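Read off the chains here:
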Amino acid sequence: MNSNSKRLGLMVAVVLLTAIAIYYYIDYVRYKAMHAIPPGLSRFDVTGPVPSCDSWKAHMPTVRDPKPYRIYIDARNRWRSKIAWQFTKDELTQILADVRTAADMGDWGARALLSYFYLHGLGPLPKNKVLDQDEFKSVAIARMAVEAGQAWGYYDVGVAHQYGYGGAYYDLDIAWAYYLKAAELGSPYAQMALAEAYLHAGRMDAEAQMLQCAYQQGHGPAASQLARIARLDRKYLESLRLEQDGLRFGSKESATYLFLIFGGDEGTMFRNEILVPLGFGADPERYRRYKEISDALNVNPDLRFGRLDSVLPLPPAELPEWRGIQDAMDPEPAGPPSY
């Protein structure tokens, strides 16, 4: 091989190696950019300061247009009126159309519900399916909420990054950065996520602080979790009161616990351990009423029971007349709609 051929071969090798190096460098830069914490977010440090309590409602629009709100809430109530498989295709088609209409008119509740429909689909059976899953559209709506500074959007985008769907690539650091921001903005779901992280890190005070933040916003799962902690500390009366609050906030878990403890056979152990030391025992009428509420929550987890104590107080209070769960439910709010 002459010197020219050697020189040409060397040049070709250099060019190839340079091209390969550039390719991997660009790929590395792209990867770093994709996995950088987005602007405006901070990396979550489980040993760092605990976010202060805030309310998600404080970061929603101060004025809500009554017209799309009424379209949305009527559609949502129809969607929550049955178990999913009981709907006809026509019913779900109309519900979806109304939610889309309200979302297009700017109602954020409707947009959040539409995002949920895209994430899970609508209609569980071939005969009533009206919407296939579209995770990209779901995350796109959540990103709109992020742009608007709303807590629920940050939380939902965080979930998308945690599991890697809808164009949100899998990255736990980014997911937790979104959860941190959502918690700072008052998302009770994000506050619960941080509480669990603090628990695993052994920071019980920080866990309790986040649970209290969510509880103060009327978040049922937070009340249920605080009730379990109270039971572990043998604070049984406090635990019962927290479960009652959880039910008031719509916690199915609290409803199940309360109906079991007052009458179900599965609740005998808890009844003997908790109710009996407090001077209470099985109560068939309380059992029946809690069971009725629990069954209703199975169909409609949106139900809230702000008047619970007036019709189903904890013992030793006497039980008033019971005409059904409607007497325990929150009344329709007066005045213009709000978030």
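Residues numbered from 1 in each chain as written. Predicted model: local features only at pLDDT ≥ 70, side-chain atom pairs only at ≥ 80, totals over all residues. Heavy atoms only, no water.

1. Here we look at the packing of helix 12 (residues 252-262) against helix 14 (residues 284-299)
Logical step 1: Remark: helix 12 packs on helix 14, axes separated minimally by 8 Å, with the N-to-C direction vectors making an angle of 155°. By the angle between their directions, the pair helix 12 and helix 14 is classed as roughly antiparallel. In this structure, helix 12 crosses over helix 14, and the sense of that crossing is left-handed. Side by side, helix 12 and helix 14 meet where K252, A255, T256, L258, F259 and F262 of the first sit next to P284, R286, Y287, Y290, K291, S294, L297 and N298 of the second. (Axes fitted to C-alpha atoms, helices over the stretch in contact; angles between N-to-C directions. Helix = DSSP H or I, 4+ residues; strand = E, 2+ residues; numbered from the N terminus. Parallel < 35°, antiparallel > 145°, perpendicular 65-115°, else oblique. Left-handed = near helix turned anticlockwise from the far one by under 90°. Contact = heavy atoms within 4.5 Å.)

2. What to know about the state of the cysteines
Logical step 1: Applying the stated criterion to the full structure yields one disulfide.
Logical step 2: Across the disulfide, C53 is cross-linked to C213 (sulfur-sulfur distance 1.8 Å). Where C53 bonds to C213 through sulfur, the torsion about that S-S bond is close to -85°, and the disulfide is left-handed. Taken together, the residues C53 in the loop between helix 1 (3-34) and helix 2 (66-79) and C213 in helix 9 (residues 204-216) connect sequence positions 160 residues apart.
Logical step 3: Judged by relative accessible area, which is 39%, C53 ranks as partly exposed.
Logical step 4: Classification of C213 as buried rests on a relative accessible area of 2%. (Disulfide = S-S within 2.5 Å. Buried < 20%, exposed > 50% of the residue type's maximum accessible area, 1.4 Å probe, protein only.)

3. So, the environment of A296
Logical step 1: By secondary structure assignment, the location of A296 is in helix 14.
Logical step 2: Judged by relative accessible area, A296 falls into the buried class, the value being 18%.
Logical step 3: For the pair A296 and I325, spaced 29 residues apart in the sequence, the C-alpha separation amounts to 8.4 Å.
Logical step 4: The residues contacting A296, other than those within four sequence positions of it, are L303 and I325.

4. Describing the packing of aromatic side chains
Logical step 1: Under the counting rule described, the total for this entry stands at 14 aromatic pairs.
Logical step 2: On the numbers, 5.8 Å between centres and 65° between planes, the contact of F44 with Y198 is edge-to-face. Residue F44 is located in the loop between helix 1 and helix 2, and its partner Y198 is located in helix 8 (residues 188-200); the two are separated by 154 residues in the primary sequence. For the pair formed by F44 and Y198, the shared burial category is buried.
Logical step 3: Consider the rings of F262 and Y290, whose centres lie 5.7 Å apart with planes at 15°: the pair is stacked. Highlighted residues: F262 in helix 12 and Y290 in helix 14, separated in sequence by 28 residues. The two residues F262 and Y290 agree in class, both being buried.
Logical step 4: Every member of this aromatic cluster is reached through a ring pair, and the members are F44, Y155, W176, Y179, Y189 and Y198.
Logical step 5: If you follow R111 out to its NZ or CZ, it ends over the ring of W108, 4.5 Å from the centre.
Logical step 6: Looking at K291, its charged tip hangs above the ring of F259, at a distance of 5.6 Å from the centre. (Phe/Tyr/Trp six-rings, centres within 6.5 Å; stacked < 30°, edge-to-face > 60°. Lys NZ or Arg CZ within 6 Å of the ring centre and 35° of its normal.)

As far as function goes, none of this settles anything; it's purely spatial.
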